[in-house]
Amino acid sequence: MNSTIFHYSSGTKKTDLLIVKNEIRYCDEWGLGNIIYSSKEKTNFFCKMLENEIFVYQGHRLFATYELLSEPYCHRCGYPGVATENCSLHDDLYGFNKIYVMGKYSSRRKSLLEQHIISLKENKFYAKPLGYALACIASNRYEDILNAEMLVPVPLHPTEYGNRSFNQSLELAKIVGEQLNIPVSFVLMKKRVARMVGLTREERSRAVAGLYDVLPSRRKLVRNKYVVLVDDVITTGFTVSECAKVLRKYGAYKVDVLGLARTVLLTDE
Ligand SMILES: [Zn+2]
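Chains are numbered independently. Their residues run from 1 in the order of the written sequence. Whole-chain, interface and lining totals are the exception, using all residues; otherwise, since this is a predicted model, local features are given only for residues with pLDDT of at least 70 and side-chain atom pairs are given and counted only at 80 or more.

Undergrad: What exactly am I supposed to notice about unusual backbone geometry here?
TA: Outside of glycine, negative phi angles account for most residues, and trans bonds account for most peptide bonds. In this structure, Pro72 follows Glu71 across a cis peptide bond, with omega equal to 0°. You can see Pro72 is positioned in the loop between strand 6 (61-67) and strand 7 (99-105). You will see that Asn181, though not glycine, has its phi angle at about 60°, which is positive. Along the chain, Asn181 falls in the loop between helix 4 (168-180) and strand 9 (188-190). Positive phi is not limited to glycine here, since Asn224 has a value of about 60°. Secondary structure counts use DSSP, requiring at least four H or I residues in a row for a helix and at least two E residues in a row for a strand, with both numbered from the N terminus.

Undergrad: What exactly am I supposed to notice about the sheet that holds strand 4 (residues 45-49) here?
TA: Sheet strands pair via backbone hydrogen bonds, and the direction of the pair is either parallel or antiparallel. Strand order across the open sheet formed by three strands is 4-5-6, with antiparallel pairing between neighbours. Either end of the sheet is taken by a strand with one partner, and the two such strands are strand 4 and strand 6. The sheet shows a mean angle of 25° between the axes of neighbouring strands, direction not considered. Each pair of strands is called paired provided DSSP finds at least two bridges between the two strands. Bridge count between strand 5 (residues 53-58) and strand 6: six bridges; the pairing is antiparallel. Paired with Ile54 across the two strands is Tyr66, which belongs to strand 6. Sheet strands in contact with helix 2 (residues 127-140) are strand 4, strand 5 and strand 6, and its direction is about 40° off that of strand 4. Axis geometry follows a simple rule: fit a line to the C-alpha atoms, using only the stretch in contact for helices, then measure angles between N-to-C directions, giving values from 0 to 180 degrees. Contact between two residues is assigned whenever their backbone-derived C-beta positions fall within 7 Å.

Undergrad: I would appreciate a short explanation of the confidence of the model for the protein in the present structure.
TA: Residue-level confidence of the predictor, termed pLDDT, takes values from 0 up to 100. Looking at the protein as a whole, its pLDDT mean stands at 84, while 82% of the residues score no less than 70. Of all helices and strands in the protein, the one with the weakest mean pLDDT is strand 3 (residues 23-28) (41), whereas helix 7 (residues 238-249) scores best (98). Every residue in residues 1-41 scores below 50 in pLDDT, and together they form 55 contacts with partners more than four places removed in sequence or on other chains.

Undergrad: I would appreciate a short explanation of the nonpolar core in the present structure.
TA: As a rule of thumb, nonpolar side chains are buried together in soluble globular proteins. By size, the foremost hydrophobic cluster in this structure holds 65 residues, and its most contacted members are Ala133, Leu134, Val227, Leu229, Val230 and Leu247. Per element, the largest residue contribution to this core is nine residues, and it comes from helix 2. Throughout, the edges of the domains are those of an automatic or database domain assignment. Each of two domains, domain 1 (3-65) and domain 2 (68-268), supplies a minimum of three residues to this core. If near-sequence neighbours (up to four positions away) are discounted, Leu247 is found in contact with Val152, Val214, Val222, Val227, Ala252 and Val255. Note on definitions: a nonpolar core is a set of buried residues drawn from Ala, Val, Leu, Ile, Met, Phe, Trp, Tyr and Cys, linked by C-beta atoms within 7 Å. Residue burial is a threshold on neighbouring C-beta atoms within 10 Å of the residue's own C-beta, all placed from the backbone, with 20 or more meaning buried, 12 or fewer meaning exposed, and counts in between meaning partly exposed.

Now the structure itself:
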């Protein structure tokens, strides 16, 4: 049986989450028999945000606690652990105004936020808790985004879409758009498959150059618009730079980026 158990705790409350064949089932300290929801039932999520944590509830049950990005971080590119004036990582990024993220993503320690980001690559159910949390942080901490006229997910290439059967950025954008009442438009296209794993920063920069375009039939849609790009994890920032560049080329007057997490470089961990 393909099943996974996640353990999480908040204060004195400890809960286990059982996932069986991609169906979400709950269990608690009383035992596995106490199944309350399955993913086939209607899900009603809501969030509570404290200074550095966000609590995501499904119905009356705590589903997840995500750790939020805390100061210091770069307010221009969202990079964790560095004040804006000391950050040089956005010097070679372009096209967008700011990157707003919920938390950080490191390759060593895996927080619940990071575990759910990984799960989202396989199971689009996770777009719900993550998307609700992202909408909550946008409206509480990154209020500028509430003025956006359009949410645009970072696209996959059709081949990548075929392998996975969904685009995680689109699934997130749909939840965030629904919560913040901002329309989601699929206006970008990825022109070829480019593998980024194992590439250096310079190699990634070259690999994404010219990789994205605005779909010819959608070019008028972005003219004079404040657009927010939605992505799951922002690593180097070159992908969102390229996407923002083509949106600006077709007349978007401002482009911001909203993501679940910003990757911490290995040397900074
Ligand atoms: Zn920066």
